[in-house]
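Next come the chains, spelled out residue by residue.
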Amino acid sequence: MLYEFDFLSSNERDKVQAWFYVPATDPVGIVQLVHGFGEHSRRYLHMISSFLDDGFIVVADDHIGHGKTAVVNDSWGHWGDKGVAMMVEDEKTLHDLAVKEFPDLPYFFFGHSMGSVITRQFISRYGDLLNGAILCGTCGSDLDLATPKAIYEKVIAEGRALETSEEALTAFFGGLFDRLDEVKYGNEWICHDPWVQADHAKDPMNAFTKPTDNESMLTFIEMIEEITSDKWYEDVPAELPIYLIAGDQDPFGSYGSGVYETANKLIAAGHTDVTTLLYSGLRHEIHNYKEYMDEVECGVLDFMDEHLE
């Protein structure tokens, strides 16, 4: 079964578009899928199908300023002005709606890229509600955020909050291309596969190549600052199982070092169930490599099956 519905965002402006994918069997658990920057949740249909086949209900939405939510609300790249908690509070609302509809089931979060940032915000606030969290393509503290942040603060102070600063975007995203020889679409850092690159670039529901306003980009930077701070490691429940996965050629994860930093700091802070797996030679979207997607999904399912109780 597929439930399609909407709910009011915490930005107090948009109706978030959301879905429950329900398997044709007694469900074993729920996994909430949190997509990344600029994309939308239907880019995960292969993964959603795998989770359904294993008996999991899949809960997903398109974030404010993204995908169908952006289309319905005419808000491409405009997230709102309610601060760093907008998206994580929307995910909390979605979680609560799912629990009300399907009570008493083990509950997991899967977050990729910006979705991993949102998931990390969630587990520091509401981690005791979950059986486990999967952080895919997450980042560490060594990203250069100070340079773009200073530009965004300047242009917003000048009254340009709803405009787009190309200078700031270049400062934020430019480092993602450091190891690329040829750039055609501007998204080659996500995956080696040219078909994935083309699909990503031409997807009409994908806002990655559409401008995101300065206010929203500053919010994104502040979200990353929150989840890479020392306080974040203290706020995540120490007993929550966490599975970190990424490609070791993913620039957002600093080619593996940001992922390992996150795992090591969690363990140093007393976290007792942290598993890390880097896929050699893969870039950002490890779940979209045809020859690896089944392996990635099986790893996630093994993790969730292990922590159902």
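Residues numbered from 1 in each chain as written. Predicted model: local features only at pLDDT ≥ 70, side-chain atom pairs only at ≥ 80, totals over all residues. Heavy atoms only, no water.

*Asks:* Tell me about the sheet that holds strand S4 (residues 56–62), and please be specific about residues and values.
*Replies:* Strand order in the open sheet formed by eight strands is S1-S2-S4-S3-S5-S6-S7-S8, with mixed pairing between adjacent strands. Of all the strands in the sheet, the pair left with one neighbour each is strand S1 (2–8) and strand S8 (274–279). On average, each strand axis in the sheet is inclined to that of its neighbour by 15 degrees, with strand direction left out of account. Sheet topology note: the strand S7 (residues 242–247)/S8 ladder contains six bridges and is parallel. Paired with Tyr243 across the two strands is Thr275, which belongs to S8. Across the sheet, helix H1 (residues 45–53) touches strand S2 (15–21), strand S3 (29–34), S4 and strand S5 (107–112), and the angle it forms with S4 is around 155 degrees. Set on the sheet, helix H3 (residues 86–101) makes contact with S1, S2, S3, S4 and S5; between it and S1 the angle comes to about 135 degrees. (Pairing = 2+ DSSP bridges. Helix = DSSP H or I, 4+ residues; strand = E, 2+ residues; numbered from the N terminus. Axes fitted to C-alpha atoms, helices over the stretch in contact; angles between N-to-C directions. Contact = heavy atoms within 4.5 Å.)

*Asks:* Give me the lowdown on unusual backbone geometry, citing residues and values where you can.
*Replies:* Positive phi outside glycine occurs at Asp74, with the angle close to 50 degrees. With respect to the element layout, Asp74 can be found in the loop between helix H2 (67–73) and H3. Asp74 sits in the exposed class, given a relative accessible area of 68%. Phi at Ser254 takes a positive value of approximately 55 degrees, unusual for a residue other than glycine. You can see Ser254 is positioned in the loop between S7 and helix H10 (257–268). (Buried < 20%, exposed > 50% of the residue type's maximum accessible area, 1.4 Å probe, protein only.)

*Asks:* Can you explain the packing of aromatic side chains? Please cite residues and give values.
*Replies:* Taken as a whole and judged by the stated rule, the model has 19 aromatic pairs. The interplanar angle of 10 degrees and the centroid separation of 5.4 Å between the aromatic rings of Phe37 and Phe220 together place this pair among those described as stacked. Of this pair, Phe37 sits in the loop between S3 and H1 while Phe220 is found in helix H8 (residues 214–227), placing the two residues 183 residues apart along the sequence. With 4.7 Å between their ring centres and 80 degrees between their planes, Phe172 and Phe173 make a pair best called edge-to-face. For Phe172, a relative accessible area of 13% gives the class buried. One aromatic cluster is present, formed by Phe37, Trp79, Phe172, Phe173 and Phe220 through successive ring pairs. Note that Arg179 overlies the ring of Tyr255, its terminal NZ or CZ placed 3.5 Å from the centroid. (Phe/Tyr/Trp six-rings, centres within 6.5 Å; stacked < 30°, edge-to-face > 60°. Lys NZ or Arg CZ within 6 Å of the ring centre and 35° of its normal.)

*Asks:* Residues and numbers for the side chain of Ser124, please.
*Replies:* With respect to the helices, strands and loops of the structure, Ser124 is situated in helix H4 (residues 114–126). Reaching out from Ser124, the side chain makes a polar contact with the backbone oxygen of Gln121 at a distance of 2.9 Å. Non-local contacts of Ser124, meaning those with residues more than four positions away in its chain, are made with Glu226, Trp232, Asp235 and Val236. (Polar contact = N/O pair within 3.5 Å; in protein donor to acceptor, adjacent residues only side chain to side chain.)

*Asks:* Could you give an account of the nonpolar core, with specific residues and numbers?
*Replies:* Burial of nonpolar side chains together is a common tendency in soluble globular proteins. Phe51, Trp79, Phe110, Phe220, Ile245 and Met304 are the most contacted members of the largest nonpolar core, which totals 91 residues. With seven residues, the top contributor of residues to this core is H8. If we ignore the near neighbours within four places in the chain, the residues touching Met304 are Val31, Phe51, Phe56, Phe108 and Ile134. (Core = buried A, V, L, I, M, F, W, Y, C linked by side-chain atoms within 4.5 Å.)

*Asks:* Before we move on, can you summarise the packing of H1 against helix H11 (residues 293–306) with the specific residues and values?
*Replies:* Here H1 crosses H11 at 40 degrees, and the two axes come no closer than 10 Å. When the interaxial angle is binned, H1 and H11 end up oblique. Where H1 crosses over H11, the two elements pack in a sense that is right-handed. Contacts from His46, Met47, Ser50 and Phe51 in H1 reach Met293, Asp294, Glu297, Val300, Leu301 and Met304 in H11. (Parallel < 35°, antiparallel > 145°, perpendicular 65-115°, else oblique. Left-handed = near helix turned anticlockwise from the far one by under 90°.)

*Asks:* Now, about the side chain of Thr228: what can you tell me, with residues and values included?
*Replies:* Position of Thr228 among the secondary structure elements: in the loop between H8 and helix H9 (230–235). In this structure Thr228 comes out as buried when scored by relative accessible area, which is 13%. Among the polar contacts listed, one links the side chain of Thr228 to the backbone oxygen of Ile224, at a separation of 2.8 Å. Contacts of Thr228, omitting those with residues within four sequence positions, involve Arg120, Cys139, Gly140, Ser141 and Tyr233.

*Asks:* With reference to specific residues and values, describe the environment of Gly281.
*Replies:* For Gly281, the position within the fold is in the loop between S8 and H11. Taking the C-alpha atoms as reference points, Gly281 and Pro148, separated by 133 residues in sequence, lie 28 Å from one another.

*Asks:* How would you explain the pattern of salt bridges if you had to name every residue and give the values?
*Replies:* Within this structure, the stated rule accounts for 16 salt bridges. The shortest N-O distance in the salt bridge between Arg160 and Glu158 comes to 3.4 Å. You can call Arg160 partly exposed: its relative accessible area is 27%. Residue Glu158 is classed as partly exposed on the basis of its relative accessible area of 43%. With a shortest N-O distance of 2.7 Å, Asp193 and Lys290 are connected by a salt bridge. (Salt bridge = Lys/Arg side-chain N within 4 Å of Asp/Glu carboxyl O.)

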